[in-house]
Amino acid sequence: MPRKALITGITGQDGSYLTEFLLAKGYEVHGIIRRSSSFNTQRIDHLYKDPHDPDSRLFLHYGDLTDGAGLREVLTRVVPDEVYNLAAQSHVRVSFDQPVYTAQVDAVGTVRLLEALRDTGVPARFYQASSSEMYGKVVETPQTEKTPFHPRSPYGCAKVYSFWQTVNYRESYGMFACNGILFNHESPRRGETFVTRKITRAATRIREGLQKRLHLGNLDARRDWGFAGDYVEAMWLMLQQDTPDDYVIATGESHSVREFLELTFQRVGLDWREYVDCDPRYLRPAEVDLLQGDASKARQALGWKPRVDFHGLVEMMVDADWELARKERLVAEHGRFVQ
């Protein structure tokens, strides 16, 4: 029998890459999706078969981190070997506008899932998607597993709560529960409201004559950016160890938003300074100036290291969005897509 994994947030960037990774490992993958009036499965459509197909190993279940009874029902039906909690209101700027909802999903939602595991007795290994935003106003650089947290957003606060609840369930109930403190990780599947994808989408659309300007906030903020496809392997590796623990996953380098802009626009042959406006509407009430992780523990204990560097990540995202922009231009010119 194949091993079973249950993923919350399966339709997101990380969920889609993790699904690909686990299917390639021979897993049977189950995902929890929220019920809505429209489908939001674009990132995993290429993996999804008819669930009645005997060869299908990907199954979707309706559920929500705000519904503890529903989580128990899914766990009882699936009985997974591993649970990956990736679901979240994951946009830091939006968390300032929706702090209560962010806490309900990102903080209390984690406790609901942990309690559902404990109550049902399903002996699954548990992965919690923690975030570098927990460090916030950093007290040291680079940040390690021992660096104190000082979150600067409702999102960061919610993730700190979930981090310590995961540790508490591990220590109190003997659960195999791990926190992955992932620094920023991007890809062509990143949501278009996140700054990196916002930049690559805009640059390529400007290059193809589909957009005129790009509005951004703080260009001096520095982040440790890696490739999401690399980072999901680290999630899996954490759950394959003999004992549960918490790990920083990062590249060890930091780059500014300005650097990301420069590389992106260079790749499409444009000068970003001619097209980018700084707009105070996109500034956070409390800014996080610098995040840079030290993944030495993950390298030593898990044997993990990133494969895609910063330049490779930018090129990958630009090339994917440039192809998308070219298709958009053809639709605009011909009223339909032309090969």
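Remember, it's a predicted structure, so these values are computed and weren't measured experimentally.

**Some remarks on the overall build of the protein chain**
Link 1 in the chain: Within the protein chain, the secondary structure is distributed over 10 helices and 13 strands.
Link 2 in the chain: Whereas a compact globule of 339 residues would reach a radius of gyration of roughly 20 Å, the protein chain reaches 20 Å, a difference of no more than 12%.
Link 3 in the chain: Overall, the protein chain is about 60 × 50 × 40 Å in size when its C-alpha atoms are taken along their principal axes.
Link 4 in the chain: Residue burial in the protein chain is summarised as follows: out of 339 residues, 52% are buried.
Link 5 in the chain: On the protein chain, roughly 15,400 Å² of surface is accessible, and the fraction owed to carbon and sulfur atoms is 49%.

**With respect to the nonpolar core**
Link 1 in the chain: Among the nonpolar cores identified, the biggest contains 60 residues, and Leu22, Tyr84, Tyr127, Ile249, Leu261, Phe265 and Trp304 are the most heavily contacted of them.
Link 2 in the chain: Looking at this core element by element, the count peaks at eight residues for helix α7 (residues 228-238).
Link 3 in the chain: Apart from the residues lying within four places of it in its own chain, the contact partners of Tyr127 are Val83, Tyr84, Asn85, Leu86, Cys178, Gly180, Leu182, Met235, Met238 and Leu239.
Link 4 in the chain: Grouped together as the second largest cluster of nonpolar side chains are 21 residues, Leu6, Val83, Leu117 and Met175 included.

**Overview of the sheet that holds strand β5 (residues 125-131)**
The strands that make up a sheet pair up through hydrogen bonds in the backbone, lying either parallel or antiparallel.
Link 1 in the chain: Read across the open sheet, the seven strands follow the order β3-β2-β1-β4-β5-β6-β11; overall the sheet is parallel. Strands with a single pairing partner mark the edges of an open sheet, and in this sheet they are β3 (58-62) and β11 (246-249). Each strand axis lies, on average, 20° off the axis of its neighbour in the sheet, ignoring direction.
Link 2 in the chain: Of the pairings in the sheet, the one linking strand β1 (residues 4-8) to strand β2 (residues 28-33) comprises five bridges and is parallel in character. The partner of Thr8 across the bridge, within β2, is Ile32.
Link 3 in the chain: Running at roughly 175° to β1, helix α1 (residues 13-24) makes contact with β1, β2, β3 and β4 (82-85) of the sheet.
Link 4 in the chain: Its contacts with the sheet place helix α4 (residues 99-120) against β1, β4 and β5, and it is angled at close to 170° to β5.

**A closer look at the side chain of Thr166**
Link 1 in the chain: Counting through the fold element by element, Thr166 comes out in helix α5 (residues 154-173).
Link 2 in the chain: Thr166 has contacts with Thr110, Leu114, Phe126, Gln128, Ala177, Cys178 and Asn179, leaving out every residue within four places of it along the chain.

**Topic: the pattern of salt bridges**
Link 1 in the chain: If you walk through the whole model with that rule in mind, you get 29 salt bridges.
Link 2 in the chain: A salt bridge links Arg189 to Glu20; its shortest N-O distance comes to 2.8 Å. Within this pair, whereas Arg189 is found in the loop between β7 (185-186) and α6 (195-207), its partner Glu20 is found in helix α1, the two being separated by 169 residues in sequence.
Link 3 in the chain: A relative accessible area of 25% places Glu20 in the partly exposed class.
Link 4 in the chain: Residues Glu115 and Arg118 are paired through a salt bridge, measuring 2.8 Å at the closest nitrogen-oxygen approach. Of this pair, Glu115 and Arg118 both sit in helix α4, separated by three residues, roughly a single helical turn.

**Focus: helix α8 (residues 257-267)**
Link 1 in the chain: Listed as buried for α8 are Val257, Phe260, Leu261, Thr264 and Phe265. Buried residues of α8, seen end-on, are gathered within an arc of 115° and therefore sit on one face of the element.
Link 2 in the chain: Packing partners of the buried residues in α8 comprise α6, β8 (214-216), β12 (255-256), β13 (276-278) and α10 (310-334).
Link 3 in the chain: Just past α8, the residue Gly269 takes up positive phi, approximately 75°.

**Points about α6**
Link 1 in the chain: Across its 13 residues, α6 extends 18 Å between first and last C-alpha, which sits within 8% of the 18 Å expected from 1.5 Å per residue.
Link 2 in the chain: Close packing links the buried residues of α6 with β7, β8, α8 and α10.
Link 3 in the chain: Positive backbone phi, at 75°, marks Gly209, one or two positions downstream of α6.

**Some details on the environment of Lys198**
Link 1 in the chain: Note that Lys198 resides in helix α6.
Link 2 in the chain: Residues Lys198 and Gly156, spaced 42 residues apart in sequence, show a C-alpha to C-alpha distance of 21 Å.
Link 3 in the chain: The residues touching Lys198, leaving out its near neighbours within four places in the chain, are Glu192, Leu214, His215, Leu216 and Tyr282.
Link 4 in the chain: At 2.9 Å, the side chain of Lys198 forms a polar contact with the backbone oxygen of His215.

Cut-offs and rules
Residues numbered from 1 in each chain as written. Predicted model: local features only at pLDDT ≥ 70, side-chain atom pairs only at ≥ 80, totals over all residues. Heavy atoms only, no water. Helix = DSSP H or I, 4+ residues; strand = E, 2+ residues; numbered from the N terminus. Rg over C-alpha atoms; globule rule 2.2 N^0.38 Å. Buried < 20%, exposed > 50% of the residue type's maximum accessible area, 1.4 Å probe, protein only. Areas by Shrake-Rupley, 256 points an atom, 1.4 Å probe, with all protein chains shown as cover. Core = buried A, V, L, I, M, F, W, Y, C linked by side-chain atoms within 4.5 Å. Contact = heavy atoms within 4.5 Å. Pairing = 2+ DSSP bridges. Axes fitted to C-alpha atoms, helices over the stretch in contact; angles between N-to-C directions. Salt bridge = Lys/Arg side-chain N within 4 Å of Asp/Glu carboxyl O. Arc of directions from axis to C-beta. Expected span 1.5 Å × (residues − 1). Polar contact = N/O pair within 3.5 Å; in protein donor to acceptor, adjacent residues only side chain to side chain.

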